[in-house]
Amino acid sequence: MDSDIRPLYINGQWRTTDETDTIINPWDGAPAGRLFRGNAAEMEDAIAAAYGAREPFRALTDAARGEAQDKIHGGLSDRAEEIAQTITLESGKPIRDARAEVARAVHTFQIAAEEARRFGQGEQIPLDRTETSKGRIGITRRFPCGVVGAITPFNFPLNLVAHKVAPALAVGAPVVLKPAHQTPLTALLLAEVIADAGLPSGAFNVVHTEPALGERLALDPRIAALSFTGSAKIGWELKAKANRKRVTLELGGNAATIVHEDTDLSAAVPKCVASAFAYAGQICISTQRILIHRPIFEEFTQQFLTQSRGLLLGDPRLDATNLGPIINEAGGLRILEWVREALDGGARLLLGDIAPADPRRIAPIVLTDTNPEMKVEREEIFGPVATLTPYDDFEEALDKVNASDYGLQTGVYTNDIHRIYRAFERLEVGGVIAGDTPSYRVDHMPYGGVKGSGFGREGVRYAMDEMSELRLLALNLSK
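Peer 1: Where do I start with the overall build of the chain in this structure?
Peer 2: Secondary structure summary: the chain contains 16 helices and 23 strands in total. The C-alpha atoms of the chain give a radius of gyration of 23 Å, which matches the 23 Å a tight globule of 479 residues would have. Counting only C-alpha atoms, the chain reaches 75 × 70 × 40 Å along its principal axes. Considering only intrachain contacts with a sequence separation of at least 6, the fraction spanning at least 24 residues in the chain is 74%. Of the roughly 19200 Å² of accessible surface on the chain, a fraction of 50% belongs to carbon and sulfur atoms.

Right under this line is the structure:
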């Protein structure tokens, strides 16, 4: 076996196959690494291994699962720079952001270690609300649901994997992971760390394969829960095929930030710039739509444009780089096409080059005079594009946010607590972020969307609920 070709991880063993793939660095097209590609046989073996690991994994104590998570976050910490460099090479994420992602993944597994040790806790419920139940009590606790099928996207090849793997391992649910075909190398580095954590064989499996084969995780009856992060189209198609499975979908959106006149622009503008253009906008909760109170629209716009011009598009391996490449040429061409469609429909270009020499290398684009029917407003653009729209009344801004098929998170900048709470009550989103942008996320908070953005929640403890079953023991103590 060529030692430069990374094997798959199935049933506690490293697996080679007859086929290989070369992962391409999206910045310069150079090879980022090679690995073996699995097919139907490897996917079958992974599912069978995970199914067979259910009982030995369930039998571990909460303490043992917590200790395994400690070993995982310790291993990630020890190899943090290696993993960050791999993230940058295969995804094009600027190295500063890649290092931050590794730090977040370490924290995700730290949280999981704590939650694993609390997993066996339940509650006692008095059942004697009627005379016929005199002397009866109920005891509840949660049990692992079974095998978890996890499908993850390219944009966070470590931490979005961690948000599926860590809670599953914390409850004792074996995992079959199909990482994004563009960024599987990081997942295999995680597998190397997990291989040393002392879990039963089959508790964690990684199969790099063609995207279509991920459908097996929705169709196979041995998979009890499917956790998917990716495009809305594929996510809803998989849910339709998942039958009786538990399904968690995180499908992104066209997130908005509201900026009211009473906010401090010196705080709001830099956050909005970073939220719109970090990782070239390839984040589910990037700010795509910025709604600005009309009295401050011109001032906000000028500050926003000035700061956006100062961002550096360049080699993601360099510490100074703010924006790296779009993941592939097709994605870049789609982004530019949507922008041109908006301009043809009457939008104005305030900043940006809509005909770059390389469609993967797109500097920040800022539009105004857009309308809700344009794709740059209606759909998830997943690129470095922001639209600026004035509003006259706070209720109007809330209406504009809700006029979307998506509902993941919304940022709200205002110093009025009554407006903040009004937004909390009215906005049809999974999270309202006051005093910040929708990009804000910490790894223990509940995270997920409504409407076209999916359903179910991540955030370690909340994902553990999605991956476990509540069970009641009713005791009759009157006899």
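Peer 1: Before we go on, may I ask you to explain the environment of arginine 141 in this structure?
Peer 2: Position of arginine 141 among the secondary structure elements: in strand β7 (residues 136-144). Residue classification places arginine 141 among the partly exposed residues on the basis of a relative accessible area of 32%. Distance in space between the C-alpha atoms of arginine 141 and methionine 445 is 22 Å, their sequence separation being 304 residues. Setting aside its immediate chain neighbours within four residues, arginine 141 contacts Gly120, Gly122, Glu469, Leu470 and Arg471.

Peer 1: How should I be thinking about the sheet that holds strand β6 (residues 123-126) in this particular structure?
Peer 2: Adjacent strands of a sheet form backbone hydrogen bonds with each other and so pair up, either parallel or antiparallel. Strand order in this open sheet of three strands is β6-β7-β23, and the pairing throughout is antiparallel. At either end of the open sheet lies a strand with only one pairing partner, and these are β6 and β23 (468-476). The average undirected angle you get between the axes of adjacent strands in this sheet is 30°. Here nine bridges tie β7 to β23, and the two strands are oriented antiparallel to one another. Residue pairing in the sheet places proline 144 in a bridge with serine 468 of β23.

What counts, and at which threshold
Within each chain, residues carry numbers counting from 1 in the order of the written sequence. Side-chain atom pairs in this predicted model are given and counted only at pLDDT of 80 or more, local residue features only at pLDDT of at least 70, and totals for whole chains, interfaces and linings cover all residues. Each side-chain value is derived from all of the structure's non-hydrogen atoms; neither hydrogens nor water enter the calculation. Labels follow the DSSP assignment, with helices taken as runs of H or I lasting at least four residues and strands as runs of E lasting at least two, numbered in each case from the N terminus. Radius of gyration here is computed from C-alpha atoms only, and the compact-globule reference equals 2.2 Å multiplied by the residue count raised to the power 0.38. We call two residues in contact whenever any of their non-hydrogen atoms come within 4.5 Å of each other. Areas reported as accessible are Shrake-Rupley estimates using a 1.4 Å probe. Residue values count occlusion only from the protein chains shown. Partly exposed describes any residue whose relative accessible area lies between the buried limit of under 20% and the exposed limit of over 50%, with all areas from a 1.4 Å probe on protein chains only and scaled to the type maximum. When DSSP finds at least two bridges between two strands, those strands are taken to pair. Structural elements are reduced to axes, namely lines fitted to C-alpha atoms, with helices fitted over the stretch in contact, and the angle between N-to-C directions of any two is expressed from 0 to 180 degrees.

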